[in-house]
Amino acid sequence: MNAKQYYEQNKAIRDTWAAKQKRRCMKCHSPDQWPGLQIHEMEQKSAAPRSWLDPCNFLLLCQRDHEGFHNGNTRDSHIEQLRVKIREDAEHFSLGKWLTLRPRGEDYITMEDLSEN
Ligand SMILES: [Zn+2]
């Protein structure tokens, strides 16, 4: 696959997923307004180059919250992001799948960690 084909496949997967979501930020629920909602990958492409492109890895965010999550690429931030995923996009939430995007301990985060209590 050349770079252009890769880009187009990537865009199609992201656009198809985004079209199913409400037009608001998944974290703060602000409406879709300038500069527009952005697709965030919870596991970054640089850390998971062959597996990051999966709807279980996406959040739709306002620019402010997108920047906030990028400033905290930590386990605590991943727990917060996965809680947003469960609440806003249960259809594509899969902790088991998400944990396989990158080689790491399967108990890096558990369902117990994601409960709000
Ligand atoms: Zn927001």
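Residues numbered from 1 in each chain as written. Predicted model: local features only at pLDDT ≥ 70, side-chain atom pairs only at ≥ 80, totals over all residues.

Caption draft 1: Spotlight on the overall build of the chain. A tally of regular secondary structure across the chain gives 5 helices and 2 strands. The C-alpha radius of gyration computed for the chain amounts to 14 Å, which stays within 12% of the reference 13 Å derived for 117 residues, consistent with globular compactness. Principal-axis analysis of the C-alpha atoms places the extent of the chain at approximately 40 × 35 × 25 Å. Within the chain, the proportion of its 117 residues that are buried is 19%. Considering only intrachain contacts with a sequence separation of at least 6, the fraction spanning at least 24 residues in the chain is 64%. (Helix = DSSP H or I, 4+ residues; strand = E, 2+ residues; numbered from the N terminus. Rg over C-alpha atoms; globule rule 2.2 N^0.38 Å. Buried ≥ 20, exposed ≤ 12 C-beta atoms within 10 Å, placed from the backbone. Contact = placed C-beta atoms within 7 Å.)

Caption draft 2: Local environment of unusual backbone geometry. Each neighbour pair has its own omega, and for tryptophan 34 with proline 35 the value is 5 degrees, a cis peptide bond. Mapping proline 35 onto the fold places it in the loop between α1 (3-19) and β1 (38-41). In this model, histidine 29 sits at a positive phi of 65 degrees, which is unusual for a non-glycine residue. Checked against the element boundaries, histidine 29 lands in the loop between α1 and β1.

Caption draft 3: How the structure looks around the nonpolar core. Residues Cys25, Met26, Leu37, Met42, Phe58, Leu59, Leu60, Leu61, Cys62 and Val84 constitute the largest nonpolar core, which totals 10 residues. The leading source of residues in this core is strand β2 (residues 58-61), at 4 residues. (Core = buried A, V, L, I, M, F, W, Y, C linked by C-beta atoms within 7 Å.)

Caption draft 4: Representation of the confidence of the model for the chain in the model. Residues at a pLDDT of 70 or more form 99% of the chain, whose mean pLDDT is 92. At the level of individual helices and strands, the chain shows its lowest average pLDDT in α1, which scores 90, and its highest in β2, which scores 97. (pLDDT = per-residue confidence, 0-100.)

Caption draft 5: Representation of the pairing of β2 within the structure. Burial of β2 is two-sided: the residues Phe58 and Leu60 facing one way and the residues Leu59 and Leu61 facing the other way are all buried. In the sheet, β1 pairs with β2 via 4 bridges, with the strands oriented antiparallel. From the neighbouring strand, isoleucine 39 faces β2, where its bridge partner is leucine 60. (Pairing = 2+ DSSP bridges.)

Caption draft 6: Quick peek at the environment of methionine 111. Mapped onto the secondary structure, methionine 111 falls in helix α5 (residues 111-114). Its 10 C-beta neighbours within 10 Å are what place methionine 111 among the exposed residues. Considered as a pair, methionine 111 and arginine 83 are 28 residues apart in the sequence and their alpha carbons are 9.8 Å apart.

Caption draft 7: Structural view of the environment of phenylalanine 69. Structurally, the position occupied by phenylalanine 69 is in helix α2 (residues 63-70). Judged by the 19 C-beta atoms lying within 10 Å of it, phenylalanine 69 falls in the partly exposed class. A sequence separation of 28 residues divides phenylalanine 69 from glutamate 41, and the C-alpha atoms of the two residues are 9.6 Å apart. Apart from the residues lying within four places of it in its own chain, the contact partners of phenylalanine 69 are His40, Leu61, Ser77 and Gln81.

Caption draft 8: A look at helix α3 (residues 75-88). Between its first and last C-alpha, α3 extends 20 Å over 14 residues, near the 20 Å set by a 1.5 Å rise per residue. Considered for burial, the residues of α3 that qualify are Gln81, Leu82, Val84 and Lys85. Burial along α3 is one-sided: seen end-on, the buried residues are contained in an arc of 155 degrees. Exposed and facing more than 90 degrees away from the buried side of α3 are Arg75, Asp76 and Arg87. Where α3 is buried, its residues touch β2, α2, α4 (95-100) and α5. (Expected span 1.5 Å × (residues − 1). Arc of directions from axis to C-beta.)

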